[in-house]
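Given next are the chains, with one letter for each unit.
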Amino acid sequence: MFAKTCIIGLGLMGASVAQAMRERGLSQQIVAFDTYADTLSMAQELGVIDAGFAKLAQAVAGCDCVVVATPVGAIADVLDTLAQALAAGRLPDDCVITDVGSTKAGVVAAAQAIRVAHGIGFGQFVPAHPIAGAEKSGLLARNGQLFVHHQVIVCPTPFSQAAAVAKITALWQALGAQVSVMDATRHDAVLAHTSHLPHLLAFALVNQLAAHDDNLDIFRYAAGGFRDFSRIAASDPIMWRDIFFANKTALLAGIEDYETQLARLKQQLLTEDSTALLADLCAARHARRHFGHMLASAQHRNDPTMSQPTQRYCIAPADRFTGTYTVAGDKSISHRAIMFGSLAVGTTTVTGFLEGEDALATLQAFVEMGVNITREGDKVTIEGIGMHGLKAPVKPLDMGNSGTSTRLLAGILAAQAFDSVLIGDASLSKRPMERVAKPLRQMGASLQTTGEKGTLPISITGGKTLHGIDYAMPMASAQVKSCLLLAGLYAEGSTTVSEPEITRDHTERMLRAFGYPVEQNGNRITVHGGGTLTACDLAVPADISSAAFFMVAASIAPHGDVTLPHVGINPTRTGVIDILRLMGANIRLTNTRDVGGEPVADIVVKSAPLRGIEIPLHLVPLAIDEFPVLFIAASCAEGETVLRGAAELRVKESDRIAVMADGLQTLGVDCTVLEDGIRITGKGAARYVFGGGAINSHHDHRIAMSFAVASLRASDTITIHGTETVNTSFPNFAQLVSRAGLKLDVEQDDV
Ligand code: S3P
C-alpha cells in the first residue's frame, strides 16, 4: 500500500498502527518520530519500526504515508511542520496524512489555519479517530489487532482530496477497522456524550470515593458497579486533559445535561417520589437494553456486507422435539399496543408483551417522545397522552431492525406538529420505504426517504394538515395499510385503504378495542379522522409466527409432539396452519377462545409424513413471515413444493427467497429460485434430508431460526452465523428449542 510510512508518536496508538501495518505488510518501510530516544531505540529493537528520528522533519522526509499519533494538544504543531515539509517538497505531493486524535473540530481548524499560513492545498490531510482506546498506554502495550472490528471515524476537512480520503479509508480498513465518515463538529458533539462525559464522570467518581476517610474499605469492598463504572478512570490523564479542553464546549453542554438528570433523581429521592423514580429507571433500562443490542450489532450497520456477525448457533443433529412451550408474544400486536396505548386517553396495561428488540424499539421511540411507559418483564403500563400529546424527539428515532415500527410510526409522525427522523440498522436501511412515503405525500404529508433507493433515513417535516385519501395498495402489506390508517386518524375526512389480498388486521381490531370505529367493506377499510382512543387492557397472545418454528420442528422430527398454549389464531395469520395441513401435517387446535378481540388457541402438533404441494396464492399473505420455515418443511416433504406470488419475500429483513435457497443448497437440498417464489424438491421420508454446513443468516432472525429447525433432519452439525438478531422477535428461542430437544450451543464470535 505504501513505500515509506512515518508514525509520529509511539504511544499505544502510534505503536499499534506501526505493528498492525507491519503484520499486514502495508508499508515497505516504517519509520517513526518520538520525543523519547529510548522509545525509538526500543521500537527499533522490537522490530516495530525500521528507523527512528529525533527530528520530525527528518523522519517524514520522502514518506508517502504519515500517521500523526501524538496527544491531541500537540497535533497542530506537528501539522505545521508537515505543511512546511510539503511546501518545501520534502514530502511528496501524493502522500497522505492522517491522525488519531479523539477530538476533530480543533484539528480541522488548525489544518485550515496552517493551510492559509503556508499557502498550500493540504488536501493530503484526512483526520481520523479510531475508537479503539485502552486503559493501557505506551509502546509496550501495542497491539497489532487493536483496530480489528473497531470503528474508525474519518472526518475529512473541507479541503481533503477525494483520493486521499479513499486511501486513508482503505488504510484503516486494511487494519481491520470499520470506517464511517462524519463531519468533525458532529463527531465532537457525539463523542462528548458517548466518550468524553463518561470519562469525566469516571474520574470524578473515583476521586469522590478516594477522598473518603474510609476509602480503603470502599475500594476493598467495591462491587461490580463501581468496577464497571470506574474502569475508564485508569486512562491516561494527560491525554484526557487535552481531550476535555479540545472539546470543551460540547463537553460542558453534556455536563449541564447530566446535572439536570442528577437534580431530577435527587429531587425524586428527597420527595420519595417512587413512581417518578421508577419511571426514570425503567426508561433508562429500556434505553440501555435497546441500545445494547444496537451496540452489539453496530458493526453490521457499518459493514454493508454484514460479514461479521457476533453470535452463532452450532446445532448437532437431534431427533426429538417434544414438550409444552409458551412461545414469545405476538410482535405485530405488541407494536400496536405501545402505539395505541401511547395515543390513548388513560392508562393501558399490556400483558404478554414481546420482550424482543423490535417491540422494544417501538417502546423506546414513544418514551423518547415523552410517553411514560413502565415495564416489568412482559407486563407494560402505558400512560396515554392523547392523540396530540407526543413531544418532539431530540434525536433521530432508531428503529433497529424493525420494519413494522418504522412504517407504522411514519404514519403517526407525518401528522405531528414536529419534525422527526427515522433511522435503522443495515438490514432495515435496505428495505423499501417509498411504499409508505408516497401515499402519505398524497395525504399532504411532507417526508423524504433520504437513503439511496427510497430507503431510510426518513426525514419528516411536521406541521402539515393531512387529508383523507382513497388508496388502492399496489402490494398486499399490513404495514402500509396500518400506516395509512394511523395517518387517517389525524386526517381531515375519511381515509380508505383497499388491499389486493387480505393482510393481517391487528390494526383494525385494536382500533376497535380502543373504541375507534373502523368500517370494513370487502377489501376496503375506512377510518374517519379526528376521533379519540380510549385506554384499555390488552393480553397479547403468543406469536403464531414464532409458533411456526415449533410447528414445523414437531412435524419433521422423527419424534415430534408439542403443545403450544395461547397462540394467536387470527384468521389473517393462520396461513401456516393451512399450508402445513395441506402438506399432511398433524395439527390440532384446542381450547379456542377470544381474548381482547383476538382469537387464540392451544396448538398441538405431532410428527407426520409431509407431501409437496403448490401453495395456494390466497394463502401467501396469510403466511408471509412463515415461508423460511415452510421451506424447511418442504425440503422434508415427498415431492415438489412450489411457491409463487411471493415477491414480497425479497424485501423482508433479507431477500428470503435468495438467502433460503443459498442455505438449502449449502445443506444439499435441490431447489430453484423463481422471480416471485421457489421450487423445492423434497426428500420425503429420508431420515437425513440436510447435510451439515455453515449458514449465513444475513441478519435475518427468521432465517436463523428456520435453519435451527432443520437440525432435526440433518446428518451433521449446522452452524448458523449471525443469530443475535433472533432477539428481535424471539429472545428465548435457544432456551426453548433446547428444552424441546435441539442440541444447540450458542457461541459468541470473537470480536
Ligand atoms: C407486519 C406486516 C408484515 C409482516 C411483518 C409484520 C405487521 O409486513 O411481514 O413481519 O405487523 O403489520 P408487510 O406489511 O411488509 O407484509
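Residues numbered from 1 in each chain as written. Predicted model: local features only at pLDDT ≥ 70, side-chain atom pairs only at ≥ 80, totals over all residues. Heavy atoms only, no water.

- For the protein chain, an unreviewed UniProt entry supplies the name 3-phosphoshikimate 1-carboxyvinyltransferase and the organism Faucicola atlantae.
- Taken verbatim from the UniProt record of the protein chain, the Subunit (unreviewed entry) comment is "Monomer."
- What UniProt states about the protein chain under its Subcellular location (unreviewed entry) heading is, verbatim, "Cytoplasm". (UniProt positions renumbered as here; feature names shortened; annotations may be inferred.)

## Considerations on the overall build of the protein chain
Next, step 1: Scanning the protein chain from N- to C-terminus turns up 25 helices and 32 strands.
Next, step 2: For 751 residues, the compact-globule estimate of 2.2 N^0.38 gives 27 Å, and the protein chain sits close to it at 29 Å.
Next, step 3: Each principal axis of the C-alpha distribution contributes one length, and for the protein chain these read about 80 × 60 × 60 Å.
Next, step 4: Here the protein chain, with 751 residues, has 56% of them falling under the buried criterion.
Next, step 5: About 29100 Å² of surface is accessible on the protein chain, with carbon and sulfur atoms providing 53% of the total. (Helix = DSSP H or I, 4+ residues; strand = E, 2+ residues; numbered from the N terminus. Rg over C-alpha atoms; globule rule 2.2 N^0.38 Å. Buried < 20%, exposed > 50% of the residue type's maximum accessible area, 1.4 Å probe, protein only. Areas by Shrake-Rupley, 256 points an atom, 1.4 Å probe, with all protein chains shown as cover.)

## Description of the pattern of salt bridges
Next, step 1: Tallied over the full model, the rule gives 26 salt bridges.
Next, step 2: Across the pair R644 and D676 runs a salt bridge, and its minimum N-O distance is 3.2 Å. Of this pair, R644 sits in the loop between β27 (637-643) and α23 (656-666) while D676 sits in the loop between β28 (670-674) and β29 (677-683), and the two are 32 residues apart along the sequence.
Next, step 3: Taken together, the shared-partner salt bridges connect R431, R504, D625, E653, R656, D700 and R702 into one network. (Salt bridge = Lys/Arg side-chain N within 4 Å of Asp/Glu carboxyl O.)

## Some thoughts on helix α1 (residues 12-23)
Next, step 1: In this model, α1 (12 residues) spans 16 Å end to end at C-alpha, consistent with the 16 Å of a helix rising 1.5 Å per residue.
Next, step 2: Within α1, 10 of the 12 residues are buried, which leaves it mostly tucked inside the rest of the structure.
Next, step 3: Where α1 is concerned, the buried positions are L12, M13, G14, A15, S16, V17, A18, Q19, A20 and M21.
Next, step 4: Those residues of α1 that are buried lie in contact with β1 (2-8), β2 (27-33), β4 (65-68), β6 (128-131) and α6 (162-174).
Next, step 5: G25 sits one or two residues past α1 and shows a positive phi near 60°. (Expected span 1.5 Å × (residues − 1). Contact = heavy atoms within 4.5 Å.)

## A word on the sheet that holds strand β8 (residues 178-181)
Next, step 1: The 3 strands are arranged β6-β7-β8 in an open sheet whose pairing can be described as mixed. Of all strands in the sheet, those with a lone pairing partner are β6 and β8, marking the two edges. Sheet twist, expressed as the average angle between the axes of neighbouring strands with direction ignored, equals 20°.
Next, step 2: Judged from the 4 bridges that link them, strand β7 (residues 151-154) and β8 form a sheet pairing that is parallel. Following the sheet pairing, V152 is matched in β8 by V179.
Next, step 3: The sheet strands contacting α6 are β6, β7 and β8, and the helix crosses β8 at an angle near 150°. (Pairing = 2+ DSSP bridges. Axes fitted to C-alpha atoms, helices over the stretch in contact; angles between N-to-C directions.)

## Let's talk about the layout of surface pockets
Next, step 1: In this model, the second largest pocket occupies a volume close to 530 Å³.
Next, step 2: Along the walls of the second largest pocket sit 30 residues, with A476, S477, I624, E648 and K652 positioned nearest its centre.
Next, step 3: When contributions to the lining of the second largest pocket are tallied by element, the ones reaching two or more residues are α14 (331-343), α16 (403-413) and α18 (478-490).
Next, step 4: Considering only residue class, the lining of the second largest pocket consists of 10 nonpolar, 7 polar and 13 charged.
Next, step 5: Two domains each put at least three residues into the lining of the second largest pocket: domain 3 (312-323 + 541-748) and domain 4 (331-539). (1 Å grid on protein atoms, 1.4 Å probe; cavity = no way out; pocket = protein on both sides within 12 Å on 5 of 7 lines; lining within 4 Å. Points joined across faces, edges and corners; volume = space filled by probe spheres on them. Nonpolar A, V, L, I, M, F, W, Y, C, P; charged D, E, K, R; others polar. Domains from an automatic or database assignment.)

## A word on helix α17 (residues 434-442)
Next, step 1: Burial in α17 covers these residues: R435, V436, A437, P439 and L440.
Next, step 2: Buried positions along α17 lie against α16, β16 (446-449), β18 (470-472) and α18.
Next, step 3: Trailing α17 by a residue or two, G444 shows a phi angle of about 100°, which is positive.

## Quick word on the sheet that holds strand β23 (residues 559-568)
The strands that make up a sheet are held in pairs by hydrogen bonds between backbone atoms, and each pair lies either parallel or antiparallel.
Next, step 1: Taken in spatial order, the 4 strands line up as β10-β23-β25-β24 in an open sheet, and their pairing is mixed. Each having just a single partner strand, β10 (320-324) and β24 (586-595) make up the two edges of the open sheet. On average, each strand axis in the sheet is inclined to that of its neighbour by 20°, with strand direction left out of account.
Next, step 2: Here helix α21 (residues 575-582) sits on the sheet in contact with β24 and β25 (598-606), set at roughly 160° to β24.

## Remarks on the site of the ligand
Next, step 1: Near the ligand lie 13 residues; those nearest to it are S332, R336, S477, D625 and K652.
Next, step 2: Between Q479 and the ligand, the recorded distance is 2.8 Å, taken from a backbone N or O atom to an oxygen atom.
Next, step 3: Here an oxygen atom of the ligand sits 2.7 Å away from a polar atom, N or O, in the side chain of K652.
Next, step 4: Compared with its free state, where it exposes 390 Å², the ligand has 95% of that area covered by protein.
Next, step 5: Taken atom by atom, the bulk of the ligand overlaps the second largest pocket.
Next, step 6: Of all the elements in the fold, those that place two or more residues in the shell around the ligand are α14, α16 and α18.
Next, step 7: Element by element, the count of residues in the shell around the ligand is highest for α14, at 3 residues.
Next, step 8: Broken down by class, the residue content of the shell around the ligand amounts to 3 nonpolar, 4 polar and 6 charged.
Next, step 9: No fewer than three residues from each of domain 3 (312-323 + 541-748) and domain 4 (331-539) sit in the shell around the ligand. (Near = heavy atom within 4 Å. Polar contact = N/O pair within 3.5 Å; in protein donor to acceptor, adjacent residues only side chain to side chain. Sits in = over half its atoms within 2 Å of the grid points.)

## Looking at the UniProt feature "signal peptide" (unreviewed entry) in the protein chain
Next, step 1: Feature annotation in UniProt assigns "signal peptide" (unreviewed entry) to the following positions: residues 1-20.
Next, step 2: With 45% helix and 35% strand, residues 1-20 has end C-alpha atoms that lie 13 Å from one another.

## Re the environment of A734
Next, step 1: In this fold, A734 is placed in helix α25 (residues 733-740).
Next, step 2: Owing to a relative accessible area of 12%, A734 belongs among the buried residues under this scheme.
Next, step 3: Separated by 587 residues in the primary sequence, A734 and F147 place their C-alpha atoms 32 Å from one another.
Next, step 4: When neighbours within four sequence positions are excluded, A734 is seen to be in contact with Y313, L744 and V746.

## Concerning the domain arrangement of the protein chain
Next, step 1: Structurally, the protein chain comprises domain 1 (2-182), domain 2 (192-262), domain 3 (312-323 + 541-748) and domain 4 (331-539).
Next, step 2: Between the C-alpha centres of domain 3 and domain 4 the distance comes to 29 Å.
Next, step 3: Residue-level contacts link 26 residues of domain 3 with 24 residues of domain 4.
Next, step 4: For the pair domain 3 and domain 4, the summed buried area comes to about 2200 Å², and 49% of that belongs to carbon and sulfur atoms.
Next, step 5: Our count for the domain 3 to domain 4 interface comes out at 3 salt bridges.
Next, step 6: Between R431 and E653 there is a salt bridge, with the nearest N and O atoms lying 3.7 Å from each other.
Next, step 7: Of all the secondary structure elements, the ones that give two or more residues to the side of domain 3 that touches domain 4 are β25 and α24 (701-710).
Next, step 8: Residue composition of the side of domain 3 that touches domain 4, grouped by class: 9 nonpolar, 9 polar and 8 charged. (Buried area = accessible area lost by both parts, 1.4 Å probe.)

## Quick notes on empty space enclosed by the protein
Next, step 1: Counted according to the given criterion, the structure contains 4 cavities of 30 Å³ or more.
Next, step 2: In this model, the largest cavity occupies a volume close to 100 Å³.
Next, step 3: Ranked by residue count, the leading element in the lining of the largest cavity is helix α19 (residues 506-513), at 4 residues.
Next, step 4: For the lining of the largest cavity, the per-class residue count stands at 7 nonpolar, 3 polar and 2 charged.

## What to know about the state of the cysteines
Next, step 1: Here the structure, examined in full by the defined rule, presents 0 disulfides.
Next, step 2: In this structure C95 is not part of a disulfide, and its nearest cysteine sulfur, from C65, lies 8.6 Å away.
Next, step 3: Look at C95 and you get buried, because its relative accessible area is 2%. (Disulfide = S-S within 2.5 Å.)

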